[in-house]
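Fold and geometry: a report
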Amino acid sequence: MTEYAPVSFEIELRRTGTIRTVPADRSALDVVREEVPDAEFNCLQGECGACVATVLGGVPDHRDTVLSERARDAGKRIILCVSRSLTPSIVIDL
């Protein structure tokens, strides 16, 4: 897993249409939980997969250890506690 300096990106929660900015110094999970307080999480280290979300648009920057290479290549899942976006915005099914 290569480390890159985090940058901010937009995250859209498709079910509500809410669009929020994920600052460089916060996780997507932090921002999502402001809108969806019952969003599941556990380890906060990208190792358990509890905070997985389905990606509907955008390209995830996978920084977890739980998704397989096949799942990463498909680009349809993101682990919200550690992963970011390679595109300026990402849309998730929440």
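Read on for an overview of the structure. A quick note: this is a predicted structure, and the numbers were derived from the prediction, not measured.

Structural notes on the overall build of the protein chain
Counting its secondary structure elements, the protein chain contains two helices and seven strands. On C-alpha atoms alone, the protein chain measures out to a radius of gyration of 12 Å, which is about the 12 Å that the 2.2 N^0.38 rule sets for 94 residues. C-alpha extents for the protein chain along the principal axes are approximately 30 × 25 × 25 Å. In the protein chain, which comprises 94 residues, the proportion classed as buried is 38%. Partitioning the contacts of the protein chain with sequence separation of at least 6, the portion at a separation of at least 24 is 51%. Within the structure as shown, the protein chain displays about 5,400 Å² of accessible surface, and the carbon and sulfur contribution to it stands at 48%. Distance from the positive charge centre (11 side chains) to the negative charge centre (15 side chains) of the protein chain: 4 Å.

What to know about the environment of Pro6
Take Pro6: it is sitting in the segment before strand S1 (9-13). Residues Pro6 and Leu94, 88 residues apart in the sequence, show an inter-C-alpha distance of 23 Å. Here Pro6 is in contact with Ala24, Arg63 and Arg84, once residues within four sequence places are set aside.

Focus on the pairing of S1
Counting buried residues along S1, four of its five residues qualify, which places the element largely inside the surrounding structure. In this sheet, strand S2 (residues 18-22) lies alongside S1 in antiparallel orientation, the contact comprising five bridges. By the bridge assignment, Ile11 is partnered in S2 with Arg20. Linking S1 to S2, which pair antiparallel, is a turn of four residues; within it Gly17 sits at a positive phi near 75 degrees. Of the strand pairs in this sheet, S1 and strand S7 (residues 89-92) are connected by four bridges, and their pairing is parallel. Counted as the bridge partner of Ile11 is Ile90 from S7.

Digging into helix H1 (residues 28-35)
An α-helical turn contains 3.6 residues, so a residue and the one three or four places further along point in the same direction. Among all positions in H1, only Ala28, Leu29, Val31 and Val32 are buried. Taken down its axis, H1 places every buried residue within 160 degrees of arc, on the same side. In this fold, the buried residues of H1 make contact with S1, S2 and S7.

Looking at the nonpolar core
Counting residues in hydrophobic clusters, the biggest one holds 20 residues, and the most contacted among them are Ile11, Val32, Ile78, Leu80 and Ile92. Counting only elements with at least two residues in this core, the list comes to S1, H1, strand S3 (52-57), strand S5 (77-79) and S7. A total of four residues in this core trace back to one element, the largest contributor, which is H1.

What counts and what doesn't
Residues numbered from 1 in each chain as written. Predicted model: local features only at pLDDT ≥ 70, side-chain atom pairs only at ≥ 80, totals over all residues. Heavy atoms only, no water. Helix = DSSP H or I, 4+ residues; strand = E, 2+ residues; numbered from the N terminus. Rg over C-alpha atoms; globule rule 2.2 N^0.38 Å. Buried < 20%, exposed > 50% of the residue type's maximum accessible area, 1.4 Å probe, protein only. Contact = heavy atoms within 4.5 Å. Areas by Shrake-Rupley, 256 points an atom, 1.4 Å probe, with all protein chains shown as cover. Lys, Arg positive; Asp, Glu negative; His and termini not counted. Charge placed at Lys NZ, Arg CZ, Asp CG, Glu CD. Pairing = 2+ DSSP bridges. Arc of directions from axis to C-beta. Core = buried A, V, L, I, M, F, W, Y, C linked by side-chain atoms within 4.5 Å.

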